[in-house]
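Spelled out, the chains give:
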Amino acid sequence: MLDFLIYDAKVAVLIAVFYLFYRLVLSKETFHRVNRVVLLLTAVMSFVLPLCVITMHETVVVAAMPAVEIGEVQAVVADKPDTPLWQIALPVLFIIGVVATLGYTVTSLANLMLLIRHSEKHRQEDGVVICVTDRKVSPFSWFHYIVLSRQDYTEHDAAVLAHERAHIRLRHSWDVLLVDTLTALQWFNPAMWMLRQDLRAIHEYEADGEVLSQGFNARQYQYLLITKAASIGGYSIANGISHSTLKNRIHMMLHKESRRSHLLKLLALVPIVGTAMALNAETVTDYQYQTPQKKQIIKKGKKAATVKTDGGNEIVVIERTVTPQNTDPVEMPNGMEVEKTKKAFDVVEQMPQYPGGPAALMQFLAQNIRYPEEAHKAGVQGRVIVSFVVETDGSISEAKAVKSVSSELDAEALRVINCMPNWIPGRQNGEAVRVKYVVPVTFRLQDDDKPAVSHVKLGTDHKGKEFEVMMDGQVVDAEVLNSINPADIESMHVEKAKDGQPKDRIILKMKQKK
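Rules of the game
- Residues numbered from 1 in each chain as written.
- Predicted model: local features only at pLDDT ≥ 70, side-chain atom pairs only at ≥ 80, totals over all residues.
- Heavy atoms only, no water.
- Helix = DSSP H or I, 4+ residues; strand = E, 2+ residues; numbered from the N terminus.
- Buried < 20%, exposed > 50% of the residue type's maximum accessible area, 1.4 Å probe, protein only.
- Contact = heavy atoms within 4.5 Å.
- Areas by Shrake-Rupley, 256 points an atom, 1.4 Å probe, with all protein chains shown as cover.
- Core = buried A, V, L, I, M, F, W, Y, C linked by side-chain atoms within 4.5 Å.
- pLDDT = per-residue confidence, 0-100.
- Pairing = 2+ DSSP bridges.
- Patch = residues over 30% accessible without salt bridge, like charges linked within 9 Å, V, L, I, M, F, W, Y side chains within 5 Å.
- Salt bridge = Lys/Arg side-chain N within 4 Å of Asp/Glu carboxyl O.

Enquirer: Please provide a residue-by-residue account of the overall build of the protein, values included.
Expert: Scanning the protein for helices and strands turns up 14 helices and 21 strands. For the protein, with 514 residues in total, the buried portion stands at 36%. Within the protein, contacts between residues at least 6 apart in sequence are counted, and of these 70% link residues at least 24 apart. If you sum the accessible surface of the protein, you get close to 31,300 Å²; carbon and sulfur atoms cover 56% of it.

Below you can see the structure in the form of structure tokens.
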């Protein structure tokens, strides 16, 4: 859910930037169709652009490593931390806002449809249905329906019908439905609400322009708008003649048409979109390992020979008879060797893979590792590094702890590695080969799981010398000592053995409880 909230925040920023561009550059122009398209694209593209991630790949060539470390698996004896309160409250608040906004829109739509259903319907030749109601409502349209009060229908004002028919012909209802739905996801964004209001105003500008283009008297039509503006409002989701600010509509009718050259202002959108795409781009680094140089295998010859390599080096082969039992590498005078057995590669062209990928491997290790009980009680923790070989058939062999912590933790790490299912083997030049892998397994205890006092075995110290522990004048055993809280110890000192006292003593004085 947090990922979606981050995405929605990016959408809010884009809507604010695009809407600011519209208000500063286009809102005063008379390109009503263009302005309508810009506002609709602002609403839609703001939701699309954050999903368009340009991925740039950067290839880095690195030298071959002695072994491949796939990650770190931790065996932790602790509960997961509690989720912060804000990560719970923020999604809940967002969902409440979405439900409330959608609820208002659905309620308005339901009331509108209920009104149309119970009205008196008159189907026209052009497919428009005029719905007459006895309620006092201002004329409005919704898709192919025009809703009029009984009085407006009786007056049969041609300008009113022309205005509402313009809304239907220009499909303004689809715009309203789309923007109201997107507003529910941006209910917290003031720019979205202002965009919604300006889009409704443009709808009215377009409808007014259609009416005047049919030859209606401008002064009479403006007087009609003043009359209808004082009437009862319609429905928020519908287009009506009384919608929008009357002063702005009359001003737009009297405004001189904008020059076509002003459309060049739209080119300012190009750097805005480019900047948004650049900020959302990401770079992926592809690591390409250098293919290890092939060691030239020289078969047994009848005489000594010298072989030149591409790098200018020479391999001097000494005549030697090798029996079938001799599988040891042959040492060359210049330090190079000729392989007589198949060795495991460190890096190959196609590395071996656990079935399901690294995520499945991590899940397998995390589910199967068990913290040894003795190590847990003794508070032993650390990282065991295990090296193993993936054979040509995918099986695991030669598992060993190259970095040890304790015998218990080493044994547990090796146990889990050896019980892994077969891997997909690695390949070099299209042939399955043996490949080394390294996996670090970390055993870690949380602070609450660590023993308060190190477990000691009373009787002898690390040098084998006998001693005893006295607490407040009484000799105690290891069980009592391990049960106390170190914070309750007021003082502690060692008393060496004297005549009549065969053992050294650790004297503890505890704090007096209030």
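Enquirer: Residue-level account of the nonpolar core, with values.
Expert: With 23 residues, the main nonpolar core has L365, F388, I396, I417, M420, W423 and F443 as its most contacted residues. Those elements that place two or more of their residues in this core are α11 (358-368), β13 (382-390), α13 (407-418) and β17 (435-445). The leading source of residues in this core is β17, at five residues. Core analysis: the second largest hydrophobic core is formed by 22 residues, V11, Y22, V179 and I202 among them.

Enquirer: Pulling in residues and values, what's your account of the environment of V25?
Expert: The residue V25 is located in helix α1 (residues 2-26) in this model. Measuring from C-alpha to C-alpha, the distance between V25 and L263 comes to 9.9 Å, with 238 residues separating the pair along the chain.

Enquirer: Can you break down the confidence of the model for the protein residue by residue, with the values?
Expert: In this model, the protein carries an average pLDDT of 79, and 73% of its residues clear a pLDDT of 70 or more. By mean pLDDT, the top-scoring element of the protein is strand β4 (residues 129-133) (96), and the lowest-scoring one is strand β12 (residues 337-338) (40). Long-range and interchain partners of residues 64-72, a stretch whose pLDDT sits below 50, account for 25 contacts in this model, where long-range means more than four residues apart. Below a pLDDT of 50 lies the segment residues 320-340, which in the model reaches 34 contacts outside its immediate sequence neighbourhood of four places, other chains included.

Enquirer: Tell me about the pairing of strand β6 (residues 145-149), and please be specific about residues and values.
Expert: Taken across its five residues, β6 has four buried, putting it largely inside the fold. As paired strands, β4 and β6 are joined by five bridges and run parallel to one another. By the bridge assignment, V129 is partnered in β6 with Y145. Sheet analysis places strand β5 (residues 140-142) next to β6, joined by three bridges and oriented antiparallel. Bridge pairing links S141 to I146 in β6.

Enquirer: Explain a nonpolar patch on the surface residue by residue, including any values.
Expert: Residues V37, L41, V44, M45, V48 and L178 make up a contiguous nonpolar surface patch of about 430 Å² in total accessible area. Of the residues forming the nonpolar patch, the biggest block, five residues, is contributed by helix α2 (residues 32-48). The residue M45 is located in helix α2 in this model.

Enquirer: Got a sec to walk through the pairing of β13? Specific residues and values, please.
Expert: For a regular strand, side chains alternate in direction, first toward one face of the sheet and then toward the other. β13 sits mainly inside the fold: seven of its nine residues count as buried. Across nine bridges, β13 lies against β17 in antiparallel orientation. Bridge pairing in β17 places V386 opposite V439. Looking at chain direction, β13 and strand β14 (residues 396-403) are connected through five bridges and run antiparallel. Following the sheet pairing, S387 is matched in β14 by K400. Hairpin remark: β13 followed by β14, antiparallel, with five residues in the connecting loop; positive phi at G394, about 90°.

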